[in-house]
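Remarks on the overall topology
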Amino acid sequence: GAVVSQHPSRVICKSGTSVKIECRSLDFQATTMFWYRQFPKQSLMLMATSNEGSKATYEQGVEKDKFLINHASLTLSTLTVTSAHPEDSSFYICSPRDSGRKNEQFFGPGTRLTVL
Amino acid sequence: DAKTTQPPSMDCAEGRAANLPCNHSTISGNEYVYWYRQIHSQGPQYIIHGLKNNETNEMASLIITEDRKSSTLILPHATLRDTAVYYCIVSTSGNTPLVFGKGTRLSVIA
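First things first, this report covers the structure right here in the doc. A quick note: this is a predicted structure, and the numbers were derived from the prediction, not measured.

Here's the deal with the packing of aromatic side chains
Residue and element names in this part refer to chain B. The final tally for this structure, using the stated rule, is 10 aromatic pairs over all chains. Aromatic side chains Y32 and Y34 sit 6.3 Å apart centroid to centroid with 45° between the ring planes, which places their arrangement in the tilted category. Take Y32: its relative accessible area is 25%, and that puts it in the partly exposed class. For Y34, a relative accessible area of 9% translates into the label buried. The interplanar angle of 75° and the centroid separation of 5.8 Å between the aromatic rings of Y36 and Y46 together place this pair among those described as edge-to-face. Of this pair, Y36 sits in strand β3 (residues 31–38) while Y46 sits in strand β4 (residues 45–50), and the two are 10 residues apart along the sequence. The class of Y36 is buried, set by a relative accessible area of 2%.

Right, dumping it as structure tokens:
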């Protein structure tokens, strides 16, 4: 399977600060990146979809000005949680799609964000 | 919304086969059945997928009924490391993002 990395794996921050999460596809090019979040004891929920070089599209209820997504290259996408609050504490998972492998969707290891 | 229905939890004895059912009665002709699992605090891991024929790989077997309205994931010899939440997802291949339901929490017991 494909290799996907996320950094950091876990982060603790104070309320009001911003946190950037990086997602890299190490052995393939991802024309599309999906970002999910998962609250405790719940399933993964899609937050947004981004295509390389284009603006991201956000799911209903996800604030685009709060969750900034940059997908400037085929191997790197970032999610920035701006002015984080305790309710943003969650497990964030990136999911790049490999157009070269029948659009197969892979998943990163996730980033645990805790906002104090 | 997820298009699948799975039991919320199951137990399996270590070394025995784990059979995880999934109902997808509204599946369309061009939709595949995917299975992923998520071990605690990790990202989802791909297991297997199929369209209408049964599939087998080094991890599991996927049995899809002839009418495609349900399927079963089989872990032939469950180990403690197979304890995870298993998600059954139906989706067209590569056109839309995967939508996760609540899955089945499988507990493998020694």
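Some details on the sheet that holds strand β5 (residues 55–56) of chain B
For sheets, the rule is that strands pair by backbone hydrogen bonds, running either parallel or antiparallel. All names here are of chain B. Spatial strand order, β2-β7-β6-β5: 4 strands in an open sheet with antiparallel pairing. Every other strand in the sheet has two partners, leaving β2 (18–23) and β5 as the edge strands with one partner each. Examined bridge by bridge, β5 and strand β6 (residues 61–64) share 2 bridges and lie antiparallel to one another. Pairing of E55 across the sheet is with L62, part of β6.

Here's the deal with the sheet that holds strand β3 (residues 19–25) of chain A
Residues and elements named next belong to chain A. Taken together, the 4 strands give an open sheet; going across it, the order is β1-β3-β8-β7, and neighbouring strands pair in antiparallel fashion. Looking at which strands have only one partner, the edges of the open sheet turn out to be β1 (4–7) and β7 (67–70). The average undirected angle you get between the axes of adjacent strands in this sheet is 15°. Pairing of β3 with strand β8 (residues 76–81) involves 6 bridges; the strand directions are antiparallel. The residue of β8 that forms the bridge with I21 is L79.

Rules and cut-offs
Residues numbered from 1 in each chain as written. Chains lettered and ligands numbered in written order. Predicted model: local features only at pLDDT ≥ 70, side-chain atom pairs only at ≥ 80, totals over all residues. Heavy atoms only, no water. Phe/Tyr/Trp six-rings, centres within 6.5 Å; stacked < 30°, edge-to-face > 60°. Buried < 20%, exposed > 50% of the residue type's maximum accessible area, 1.4 Å probe, protein only. Helix = DSSP H or I, 4+ residues; strand = E, 2+ residues; numbered from the N terminus. Pairing = 2+ DSSP bridges. Axes fitted to C-alpha atoms, helices over the stretch in contact; angles between N-to-C directions.

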